[in-house]
Structure formats: structure tokens, C-alpha cells
Amino acid sequence: MHAGVYIHLPFCTRRCTYCDFCTFRLDETSLKKYHVVLKKEIELFSNGAKVDTLYFGGGSPSLYPLDLLQELFFTLHSRFRLELRECTLEANPWELTLERLERWKKLGVNRLSIGLQSSDGEILKKVNRPMPPDLVERLERAVDFFDNVNLDFILGLPGENRINVENNLKLIERLKPAHISYYMFDSDHETDLMASVKNGIIELPDKDTVEKLHDFIVLSLKELGFTRYEISSWSKDRISLHNLKYWKNGDYKGFGVSAGSHEGATRSVNFDSLGQYIDSIAAGKRPLAYIRENTQLEELFETLFMGLRLIEGLTLSSEIFPADLLERSVERIRSVLGEFLVIEGYSIKLNDYGLDMSRLAFERLVGIMEEMESLFP
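Residues numbered from 1 in each chain as written. Predicted model: local features only at pLDDT ≥ 70, side-chain atom pairs only at ≥ 80, totals over all residues. Heavy atoms only, no water.

J.: So what's going on with the domain arrangement of the protein chain? Residues and values would help.
T.: Here the protein chain is described as being made up of domain 1 (3-246) and domain 2 (295-376). Each of domain 1 and domain 2 has a C-alpha centre, and the two are 29 Å apart. Across the boundary between the two partners, domain 1 contributes 10 residues, which contact 11 residues of domain 2. For the pair domain 1 and domain 2, the two sides together bury roughly 850 Å², of which 51% comes from carbon and sulfur. Interface area lost by domain 1 to domain 2 is led by Arg228, Glu230 and Ile231, which between them contribute 53%. There are 2 salt bridges connecting domain 1 and domain 2. Of the charged contacts in the structure, one is a salt bridge between Arg309 and Glu230, with a shortest N-O distance of 2.5 Å. (Domains from an automatic or database assignment. Contact = heavy atoms within 4.5 Å. Buried area = accessible area lost by both parts, 1.4 Å probe. Salt bridge = Lys/Arg side-chain N within 4 Å of Asp/Glu carboxyl O.)

J.: Tell me about the side chain of Lys253, residues and numbers included.
T.: As for its placement among the helices and strands, Lys253 is situated in strand β11 (residues 252-255). Residues contacting Lys253, with those up to four places away along its chain left out, are Gly4, Val5, Tyr6, Phe45, Gly260, Ser261, Glu263 and Arg286. (Helix = DSSP H or I, 4+ residues; strand = E, 2+ residues; numbered from the N terminus.)

J.: Quick rundown of the UniProt feature "domain: Radical SAM core" (unreviewed entry) in the protein chain? Include the residues and the values.
T.: Sequence positions flagged by UniProt for "domain: Radical SAM core" (unreviewed entry) are, in local numbering, residues 1-227. The span residues 1-227 is 43% helical and 23% strand by assignment, and the distance between its end C-alpha atoms comes to 27 Å. (UniProt positions renumbered as here; feature names shortened; annotations may be inferred.)

J.: Residues and numbers for the packing of aromatic side chains, please.
T.: Taken as a whole and judged by the stated rule, the model has 9 aromatic pairs. In this structure an aromatic cluster arises from ring pairing among Phe11, Tyr34 and Tyr277. The ring centre of Phe146 lies 5.7 Å from the NZ or CZ of Lys105, which sits over that ring. The aromatic ring of Phe216 is capped on one face by Arg162, whose charged end is 3.6 Å from the ring centroid. (Phe/Tyr/Trp six-rings, centres within 6.5 Å; stacked < 30°, edge-to-face > 60°. Lys NZ or Arg CZ within 6 Å of the ring centre and 35° of its normal.)

J.: Please set out the layout of surface pockets residue by residue, giving values where relevant.
T.: In this structure, the second largest pocket spans a volume of roughly 920 Å³. Looking at the second largest pocket, it is lined by 42 residues, and the ones nearest its centre are Met1, Lys248, Asn249, Gly250 and Asp251. At the level of secondary structure, the elements contributing two or more residues to the lining of the second largest pocket comprise β1 (3-9), β4 (50-58), α9 (241-247), β11, β12 (260-263), α11 (296-307) and β15 (314-315). Each of domain 1 (3-246) and domain 2 (295-376) gives at least three residues to the lining of the second largest pocket. (1 Å grid on protein atoms, 1.4 Å probe; cavity = no way out; pocket = protein on both sides within 12 Å on 5 of 7 lines; lining within 4 Å. Points joined across faces, edges and corners; volume = space filled by probe spheres on them.)

J.: Outline the nonpolar core, listing residues and values.
T.: Ile7, Leu38, Phe56, Leu69, Trp104 and Leu112 are the most contacted members of the largest nonpolar core, which has 63 residues in total. Of the residues forming this core, the biggest block, 6 residues, is contributed by helix α2 (residues 66-79). In contact with Leu112, other than residues within four places in its own chain, are Leu89, Ala91, Leu96, Leu101, Trp104, Ala142, Phe146, Asn148, Val149 and Asn150. Counting residues in hydrophobic clusters, the runner-up holds 28 residues, among them Leu337, Leu341, Leu350 and Ile368. (Core = buried A, V, L, I, M, F, W, Y, C linked by side-chain atoms within 4.5 Å. Buried < 20%, exposed > 50% of the residue type's maximum accessible area, 1.4 Å probe, protein only.)

J.: Tell me about the pairing of strand β9 (residues 227-230), and please be specific about residues and values.
T.: With 3 bridges joining them, β9 and strand β10 (residues 233-235) adopt antiparallel strand pairing. The residue bridging Arg228 from the neighbouring strand is Trp234, located in β10. Between the end of β9 and the start of β10, which pair antiparallel, lie 2 residues. (Pairing = 2+ DSSP bridges.)

J.: Which residues make up the pattern of salt bridges, and what values go with them?
T.: On inspection of all chains with the given rule, the structure shows 20 salt bridges. In this structure, Asp52 engages Arg85 in a salt bridge whose closest nitrogen and oxygen atoms are separated by 3.9 Å. One end of the pair, Asp52, is in strand β4; the other, Arg85, is in strand β5 (residues 81-91), with 33 residues separating them in the sequence. Take Asp52: its relative accessible area is 8%, and that puts it in the buried class. Across the salt bridge formed by Arg174 and Glu140, the nearest N and O atoms sit 3.0 Å from each other. Within this pair, whereas Arg174 is found in helix α6 (residues 162-175), its partner Glu140 is found in helix α5 (residues 135-145), the two being separated by 34 residues in sequence. Look at Arg174 and you get exposed, because its relative accessible area is 54%.

J.: Tell me about the sheet that holds strand β16 (residues 341-344), and please be specific about residues and values.
T.: As summarised here, the arrangement of the 3 strands in space is β15-β17-β16, forming an open sheet in which the pairing is antiparallel. Edge strands, defined here as strands with exactly one partner in the open sheet, are β15 and β16. Note: β16 against strand β17 (residues 347-350), 4 bridges, orientation antiparallel. Note that in β17 the partner of Ile343 across the bridge is Ile348. Packed onto the sheet, helix α12 (residues 323-337) meets β16 and β17 and runs at close to 150 degrees relative to β16. (Axes fitted to C-alpha atoms, helices over the stretch in contact; angles between N-to-C directions.)

J.: Give me the lowdown on helix α14 (residues 358-372), citing residues and values where you can.
T.: If you check α14, its first and last C-alpha atoms are 21 Å apart, about what 15 residues at 1.5 Å a residue would give, namely 21 Å. Considered for burial, the residues of α14 that qualify are Ser358, Ala361, Phe362, Leu365, Ile368, Met369 and Met372. Buried residues of α14, seen end-on, are gathered within an arc of 110 degrees and therefore sit on one face of the element. Along its buried surface, α14 packs onto α11, α12, β17 and α13 (352-356). (Expected span 1.5 Å × (residues − 1). Arc of directions from axis to C-beta.)

The structure is reproduced here in C-alpha cells:
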């Protein structure tokens, strides 16, 4: 089986107020120091695995200097057996210049994931994410260069309404990208935006409005020829192969500050402190904030948490998990979550109601896992 590799490039020119990712303000000194250490981490802790998906996330990977990005490719080629079917780079509209598009493609990038979030300039101003005045021209240039482009949107930002959602859909219809990610804004994280909401400085759209808009988006994307294959993902025959490794609880190796890995049953996460990350690698140590060998119960439920995001669901393998664990888990899941699921043997998926209520379904799934920990320690 081929693995995936994730590279975290954390630098941004500004921090969007809804963001809870590990990011740092771009400055040349910090970036060059980070680059040296990141290459060293790859050199020290790669395992020579066969790799068929590579993902540059952030942060704003599209800001990364092209010559340094080329060095990362050289380092990865020297430490892994790269047989890439998909190489994704996250990009902001501001960096969609002719020079960058040409160089990215020449380096081996074959999929762009563009963080649009909204086509409404007023919404973007409210979350500290200004758009370029020639946004549409930049996006058209990107889809002309790459036949596999994803556009990222967030539903539920301040000022969201039917008109700007319709405009987002018109833009999708005009550009004809291969893939759409349309995420519901998650208000649970401690972000600058949520601090403003709690302090009464700014308002989010009400829950009923967001739910109705989401139903409208689901229907409209279907009419535009997109197939929904994951809770927040739609495709025209170009599903995200790298993200599929996450959703199927496969193997992937993460490099860079805050990057996570899943190798066999071992899950690990790097430090999100830039200082700790750099100091650890300088000492020749993996920069781990967390590492754990999952129990079979934990692996089973992680497989469920991720696989149930897929519209097709998942099939739990009797070759991987003990029969007693499978039987008891599926029985308990059926009794607690039956209204949300379609269950046939060990094959499980969310039904239409479950897709709408997925957050509640996942919360209850956590409770089931906690119940069973005493039976399968």
C-alpha cells in the first residue's frame, strides 16, 4: 500500500479571524530558518516508503518561495519512493500569478486547492481576508493551467445570506472546477472571530438560515453535475486522493510544525510551537508533542469517525478487528445511532438524516467508544 505525505508550510501574510490552524506571520528570517529545519526533519525521519499522494498545506503554501519549494521536492524525492498520482498545493487567490502557476506545474503539482471561502468581498473583509480586485481573472487563469482545481468555501461566516451563496454557485458554474469543498463554519474553536461574537462585536447568521442555505447548496451542486462523496466534498470524477487516506484511516506521514501522522496503529502530532519544533530537530529528535499506539478499540472507532464522513460509508474488516469487538461495537452502534445509519453486516453509512445530523451522530459515537473502553482496554 502506498502512503501519503503531508508538508505543513505555516506562513501567512495575515491571520484570518476564523482560522484555528497553526500559522505564523510571514517574515523572511523565520521562513528560511524553518525551511532548513523542515528539510532536516524529512532527511532524519523519513522511512523510504512508497508515496502516491503529496499535500502542501498551511498556512499559505502558495507564498512559499519557488526555489525553496523546489528544494523540498528534491529532498522528498531523495527520501521517499515517490510515485505521485496526486500532488496538491493549497493556494490563495493573491498568488495565482502566471509565473507561480507555471513553476508549480513544472515542479510536479497537479492539483490546486484554492482557499476562496466566499466570493463576497464584504464577508471577506469582516474576517480579515481581503480579495484581489481581479479575483475572477486569477481563478480563470488557475483552471486554465490545472485540470484538477478545488475551490474551498465556508458557509456561515458573518453576513452570509442567500444572495451571496447564489453568487458563489454562479462562480462555480462559470469556472467549472473539478472539485468543491463547502465547509460549515465551526463555532466551537477559540478564534478571533468567535471572541468578537462572544463580545457582541459581530454576529453570525442564525442556525436556521445556515441549515436552509446548506440544503440549497447540496441541491444546487447536484444540479451543476457535482457528486457529493464526503460530508463537505463534491467532485466531478476528481476526488481528493490524499484526503481519502484520512477518511479511510490509511497511512500518512506529516512533516512540519503541528503536522500529524498515522502509521499502522501509531498516531503522532508534531509540536505546534515553532521554537520547540526547531529545538527538537536541532537535537536530532522527532518533534513530537504526542505519540500513541492505538488499541484495537481506538483504531476501530477512528476508522468509524473518519469513514462515516464518506457518503458511501465504510466496511469494517473482520481481518483487521477481532470478531467480538466488531459484534459488540456494531450492536451498540445500531442501538444508539440506528436512526442515523444504514447498517448491513459490517458495512455502515450515514443515511440522509444522518448526514444532516452528522455532528450529533459523531458526538454519540464518542460516548459509545467511552462506554466500551472498560470492555476492550
